[in-house]
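Each chain, letter by letter, is given below.
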Amino acid sequence: MTASLRRTRPRKQPGAPAVLHAPLFRELVARLDETERHIVLDLGAASTPMLALLSRARSRVEVTDFVHFGGIDRLNTTEPGPELVKAAESLLPGRLPEEDVDLILCWDLPNYLTLDALSALMNAIGHRARPGALAHALIFYAEPDMQESPGRFIPTADGELMDCSPESKMIAAPRYSPEALSKNSGRFVIDRARLLSNGMQEFLFRLDS
């Protein structure tokens with residue numbers, strides 16, 4: 001870990017978006033090779049700034065918008081087993097020949113999934129990704145609570161992430177440990193982790209070959 005733990009997390013001011021310094025995300029986007037075609041799977045909602053940022057690297061972006069289409073509830077309420085596997089597969093875009101995913105943007109979605117649901121989802125994503133693909137995630141860690149719904153993260157011009165989600169009531173955060181995440185991420189392994197100043201942990205997972 002490359003940052004010291006802070007026990008307090010600043011709240012968003014009413015009506016004002018929270019700005020997050022996420023160095024691993026910034027580095028990840030900066031490293032996209034503009035000479036190659038990239039396939040990006042975004043589990044959040046579409047945003048013009050994000051699409052503009054990724055288009056600079058000749059990326060094709062698949063947006064699933066898990067929150068809008070009820071993916072969280074569907075995975076969390078399906079019994080572990082074959083039906084959960086099918087549910088996870090159905091929530092993702094179909095795999096195209098020679099169009100394996102390079103980058104997965106999970107945002108803070110893993111915090112809102114049970115470990116069984118997370119495992120099914122990451123296994124399904126792994127079937128659509130190339131070896132070495134990277135998945136980025138933000139995990140609530142230092143604080144015991146989080147907003148009721150996932151954030152909506154949009155990149156700013158100076159490389160920060162802005163959470164434009166509306167204020168909501170707070171619920172208990174699962175605060176998944178790195179060990180729990182490792183065991184429930186399919187063939188994805190933790191590549192790097194960074195503790196952020198707002199108390200979240202930023203993770204990069206790499207798909208093992």
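Just so it is clear, the structure is predicted and the values come from calculations on it, not from any experiment.

Caption draft 1: Local environment of the overall build of the protein chain. Within the protein chain, the secondary structure is distributed over 6 helices and 11 strands. A compact globule built from 209 residues would reach a C-alpha radius of gyration of about 17 Å, and the protein chain, at 16 Å, matches this within 12%. Sequence separation of 24 or more characterises 71% of the internal contacts of the protein chain that already satisfy a separation of 6 or more. As presented, the protein chain carries roughly 10,400 Å² of accessible surface, and 52% of it is formed by carbon and sulfur atoms.

Caption draft 2: Local environment of the sheet that holds strand S10 (residues 188-195). An order of S3-S2-S4-S5-S11-S10 is seen for the 6 strands of this open sheet, with the pairing classed as mixed. What marks the edges here is a single partner per strand, and that holds for strand S3 (59-63) and S10. Neighbouring strand axes in the sheet, compared pairwise and without regard to direction, differ in orientation by 20° on average. Judged from the 3 bridges that link them, strand S2 (residues 38-42) and strand S4 (residues 101-107) form a sheet pairing that is parallel. Counted as the bridge partner of Val40 is Leu103 from S4. Relative to the sheet, helix H2 (residues 48-55) contacts S2, S3 and S4, its axis offset from that of S3 by approximately 150°.

Caption draft 3: Focus on the pattern of salt bridges. For the coordinates displayed, the defined rule picks out 12 salt bridges. Of the charged contacts in the structure, one is a salt bridge between Arg128 and Glu89, with a shortest N-O distance of 2.6 Å. On the criterion of sequence distance, the pair formed by Arg128 in the loop between helix H5 (115-126) and strand S5 (129-140) and Glu89 in helix H4 (residues 82-90) is long-range, its members being 39 residues apart. Glu89 gets classed as partly exposed once you look at its relative accessible area, which sits at 23%. Several salt bridges share partner residues, and in doing so they unite Glu27, Arg31, Asp191, Arg192 and Arg206 into one network.

Caption draft 4: Representation of the pairing of S5 in the model. Counted residue by residue, S5 has 10 buried out of 12 residues, so it is predominantly covered. At this point the chain moves from S4, through H5, to the parallel S5, and the crossover so formed is right-handed. Pairing geometry for S5 and strand S11 (residues 200-207), over 7 bridges, is antiparallel. If you follow Ala137 over to S11, its bridge partner there is Phe203.

Thresholds, definitions, all that
Residues numbered from 1 in each chain as written. Predicted model: local features only at pLDDT ≥ 70, side-chain atom pairs only at ≥ 80, totals over all residues. Heavy atoms only, no water. Helix = DSSP H or I, 4+ residues; strand = E, 2+ residues; numbered from the N terminus. Rg over C-alpha atoms; globule rule 2.2 N^0.38 Å. Contact = heavy atoms within 4.5 Å. Areas by Shrake-Rupley, 256 points an atom, 1.4 Å probe, with all protein chains shown as cover. Pairing = 2+ DSSP bridges. Axes fitted to C-alpha atoms, helices over the stretch in contact; angles between N-to-C directions. Salt bridge = Lys/Arg side-chain N within 4 Å of Asp/Glu carboxyl O. Buried < 20%, exposed > 50% of the residue type's maximum accessible area, 1.4 Å probe, protein only. Right-handed = clockwise from strand over helix to strand, strands pointing away.

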